[in-house]
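Below are the chains, spelled out letter by letter.
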Amino acid sequence: MRDPITTRFPWIDASITSTLAEPAEAYDSLRNQYHSTRILILLEQEIQNLQVNRLLGVTHFDLFVPGLNFVFGEARLPGRVGIISTYRLKASSRSKAGLFVERVVKEAIHEIGHMVGLEHCSDTSCVMYFSNTLADTDYKGPDFCGKCRSQVRIQIE
Ligand SMILES: [Zn+2]
Ligand SMILES: [Zn+2]
């Protein structure tokens, strides 16, 4: 996942941190899901212990925000933390190989896009298009449209 990301954010020196504890505070037992905004708060605490500018969490837990049945991910816009879930990105066994990884890469780039200040885009093929469904994720590409690419900026800490 590192290379597709550094290709699109050339100034990022990406690395993988150690696994974090289960975000028990973010668990909603009625929904059997994790509140992604609460995970962002935990990541904001975690990043203070790390020598990094930004932190993208990757979880296999199903995420939600109030008002939506689920979310593929959430990030501060702009900000230092984001989270993506692989829970709903899994491909059926008959899908072409690599589809799962493609989806994870797209969602990761989307959330990093938010972290560096991009909002949602109306271009359905742009990675910053809001995915309501997996079909949206599969339709859009892993790249920014021209308008979004021109807006990518580094958030100065
Ligand atoms: Zn988004
Ligand atoms: Zn766009």
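Everything below is about the structure shown above.
Residues numbered from 1 in each chain as written. Chains lettered and ligands numbered in written order. Predicted model: local features only at pLDDT ≥ 70, side-chain atom pairs only at ≥ 80, totals over all residues. Heavy atoms only, no water.

**Student:** Quick one: what's the story with the sheet that holds strand β6 (residues 81–85), residue by residue and with numbers?
**Tutor:** Pairing is mixed in the open sheet, where 3 strands are placed in the order β3-β6-β5. Each edge of the open sheet is held by one strand with a lone partner, namely β3 (55–59) and β5 (73–75). Recorded for the sheet is a direction-independent mean angle of 10° between the axes of neighbouring strands. Packing of helix α2 (residues 36–46) onto the sheet brings it into contact with β3, β5 and β6, and relative to β6 it is tilted by some 130°. On top of the sheet, helix α3 (residues 99–115) reaches β3, β5 and β6; it is set at about 160° to β6, its chief contact. (Pairing = 2+ DSSP bridges. Helix = DSSP H or I, 4+ residues; strand = E, 2+ residues; numbered from the N terminus. Axes fitted to C-alpha atoms, helices over the stretch in contact; angles between N-to-C directions. Contact = heavy atoms within 4.5 Å.)

**Student:** Account for the coordination of the zinc ion (ligand 1), naming residues and giving values.
**Tutor:** Only H110 (NE2), H114 (NE2) and H120 (NE2) from the protein reach the zinc ion (ligand 1) as donors, at distances of 2.0 to 2.1 Å. Taken in sequence order, the residues that donate to the zinc ion (ligand 1) follow the motif H-x3-H-x5-H. Note that H110 and H114 are positioned in helix α3 at a spacing of 4 residues, about one turn of the helix. (Donors = N, O, S within 2.8 Å, 3.2 Å for Na, K, Ca; no water.)

**Student:** Could you give me a rundown of the pattern of salt bridges, with the residues and numbers involved?
**Tutor:** Scanning the model with the defined rule gives 4 salt bridges in all. With a closest N to O distance of 2.6 Å, D143 and R8 form a salt bridge. Of this pair, D143 sits in the loop between α4 (134–139) and α5 (146–151) while R8 sits in helix α1 (residues 2–8), and the two are 135 residues apart along the sequence. Here R103 ties to D138 by a salt bridge, and the two come within 2.7 Å at their closest N and O atoms. Taken together, the residues R103 in helix α3 and D138 in helix α4 connect sequence positions 35 residues apart. The partly exposed category is assigned to D138, whose relative accessible area is 33%. (Salt bridge = Lys/Arg side-chain N within 4 Å of Asp/Glu carboxyl O. Buried < 20%, exposed > 50% of the residue type's maximum accessible area, 1.4 Å probe, protein only.)

**Student:** Any chance you could break down the packing of aromatic side chains for me, citing the residues and the numbers?
**Tutor:** Following the criterion strictly, the structure yields 5 aromatic pairs and no others. Judged by centre distance (5.6 Å) and plane angle (80°), the rings of F9 and F144 are edge-to-face. Of this pair, F9 sits in the loop between α1 and β1 (27–28) while F144 sits in the loop between α4 and α5, placing them 135 residues apart in sequence. When the centroid spacing of 5.0 Å and the interplanar angle of 55° are considered together, the rings of Y27 and Y34 count as tilted. (Phe/Tyr/Trp six-rings, centres within 6.5 Å; stacked < 30°, edge-to-face > 60°.)

**Student:** An account of the side chain of D28 is requested, with residue identities and associated values reported.
**Tutor:** Within the secondary structure, D28 sits in strand β1. Here D28 sits buried without a salt bridge, and the closest side chain of opposite charge, R38, lies 4.9 Å off (N-O distance). A polar atom in the side chain of D28 sits 3.0 Å from the backbone nitrogen of R31. In contact with D28, other than residues within four places in its own chain, are Q33 and F64. (Lys, Arg positive; Asp, Glu negative; His and termini not counted. Polar contact = N/O pair within 3.5 Å; in protein donor to acceptor, adjacent residues only side chain to side chain.)

**Student:** Can you break down α2 residue by residue, with the values?
**Tutor:** Restricting attention to buried positions, one finds in α2 the residues S36, I39, L40 and L43. Looking straight down α2, one finds that the buried residues subtend no more than 105° of arc, so they occupy a single side. Next to the buried residues of α2 lie β2 (33–35), β3, β4 (63–64), β5 and β6. (Arc of directions from axis to C-beta.)

Any functional reading would require information that these geometric values do not contain.
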